[in-house]
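The primary structure of each chain is shown beneath.
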Amino acid sequence: MNILATRATLVALSVLTLVALMTPSSAQQQMAPAAPAPSAPVAQQTAPAAPQPPAEATTPAQSPSAAAPVASQGTQDVSAAPAEGEGKKSATIAGLKELSPWVMFWNADIVVKAVMIGLAFASLVTWTVFIAKMIELTVVQRKLRAALAKISDVRSLAEAQFALGAKGSVLSTLIAAAMREGRLSAGISSDAGIKERAASSFAEIVRAEGRRIRVGMGLLATIGATSPFVGLFGTVWGIMNSFIGISKSQTTNLAVVAPGIAEALLATAIGLVAAIPAVIIYNHFSRVTKGYLELVGRASGAAARLLSRDLDRTNVSVTGGAHSRAAAE
């Protein structure tokens, strides 16, 4: 019995010990839910702030639709800027490609345009004079050479006039002047006086022919001497307007500067186009005219020789007649 009582006591003590050990743990378990209880207000206090991250989270969620226009606007702005830049670049390239002389002429200032028109007219006059004088000099040289060949074997002014006929060459004019002087000096025994007066008439005819054949050459000289300066005036005026445009636009972009300068330089180019052919043609006609005037001098000498033969022949016939009359007496 004692043993049983002792065992029962030990079992009871062990049970009490276990109960005592389990009682704090249960209290702690009971206190564990209580501990979160004070934290609940903290969670509740933080709860209003907690929706803020969702709001931020929802803002991007909503932003795809709301931010899409913003992003698209940014994309459009970014894409529009290069597109606009490319458009300006293409417009500039197209403008530079369109800088033909005709377009530059129509876009030029009124003063530069007037200079270009005047120089173009001067160039037209130059080529007109060239064609006309070339035909004229060719024809008169051919006529005069043929006339000199015809009278190379004649013996008197009458034969020369008959050989030449009514052809209007300077040699025909010289022979007609010699015959007129011979008729006007009939009865005058001084042959030297007749020859002197005939030579004076020949000199006047030669000078008149020289003036006639040089008609138009003074115009060529004027065009060749003044066209570069007229074109330079148009260039200076155009560049001045270009600098005024640069100061107004406050930019030195090539697309702004290039057209005005190109228009100004076009005036100088047209001036050179008018001046260079004028100078070359003038020098050519100076040589050709000099050669023709040498032929006219030869024709004057031929007419003077024929007049001298006629005078000598007349003197011989008169002297022979006087001798024959004296012998008869």
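Treat the numbers as computed from the prediction; the structure is a model and nothing was measured.

J.: For this particular structure, what's the right way to read the overall build of the protein?
T.: Along the protein, the regular secondary structure elements total 10 helices and 0 strands. N-terminal to C-terminal, the α/β element order of the protein is α-α-α-α-α-α-α-α-α-α. Among the 329 residues that make up the protein, the fraction classed as buried is 26%. Summarising the internal contacts of the protein: among those between residues at least 6 apart in sequence, 81% fall at separations of at least 24. Working note: accessible area of the protein is about 20900 Å², and carbon and sulfur atoms make up 68% of it.

J.: Explain the side chain of S242 to me, please; I cannot follow it from the model alone.
T.: Mapped onto the elements, S242 comes out in helix 9 (residues 217–249). A polar side-chain atom of S242 sits 3.4 Å from the main-chain amide nitrogen of I261. Residue contacts for S242: discarding those within four places in its chain leaves G260 and I261.

J.: Honestly, the environment of G271 in this entry has me stumped. Any pointers?
T.: Tracing the backbone shows G271 in helix 10 (residues 254–328). C-alpha separation for the pair G271 and S227, spaced 44 residues apart in sequence, amounts to 4.9 Å. Once residues lying within four places of it in the same chain are set aside, the contact partners of G271 are L119, S227 and P228.

J.: Teacher, can you tell me more about the pattern of salt bridges here?
T.: Close approach of charged atoms allows side chains with opposite charge to pair. Evaluated as defined, the whole model comprises 5 salt bridges. A salt bridge links R197 to E181; the nearest nitrogen and oxygen atoms lie 2.8 Å apart. Of the two residues, R197 sits in helix 8 (residues 191–213) while E181 sits in helix 7 (residues 170–184), which places them 16 residues apart along the sequence. A relative accessible area of 34% means that R197 is categorised as partly exposed. What makes E181 buried here is its relative accessible area of 11%. With its nearest N and O atoms 3.0 Å apart, the salt bridge here joins R313 to D310. Here R313 and its partner D310 are both found in helix 10, 3 residues apart, which amounts to about one turn of the helix.

J.: Just to check I follow, could you spell out the environment of M240 for this structure?
T.: Following the sequence through the fold, M240 ends up in helix 9. Using a relative accessible area of 39% as the deciding quantity, one classes M240 as partly exposed. Linking M240 and G260, residues 20 residues apart in sequence, is a C-alpha distance of 9.1 Å.

Scoring rules and cut-offs
Residues numbered from 1 in each chain as written. Predicted model: local features only at pLDDT ≥ 70, side-chain atom pairs only at ≥ 80, totals over all residues. Heavy atoms only, no water. Helix = DSSP H or I, 4+ residues; strand = E, 2+ residues; numbered from the N terminus. Buried < 20%, exposed > 50% of the residue type's maximum accessible area, 1.4 Å probe, protein only. Contact = heavy atoms within 4.5 Å. Areas by Shrake-Rupley, 256 points an atom, 1.4 Å probe, with all protein chains shown as cover. Polar contact = N/O pair within 3.5 Å; in protein donor to acceptor, adjacent residues only side chain to side chain. Salt bridge = Lys/Arg side-chain N within 4 Å of Asp/Glu carboxyl O.

Limitation: the analysis is restricted to geometry and does not speak to function.
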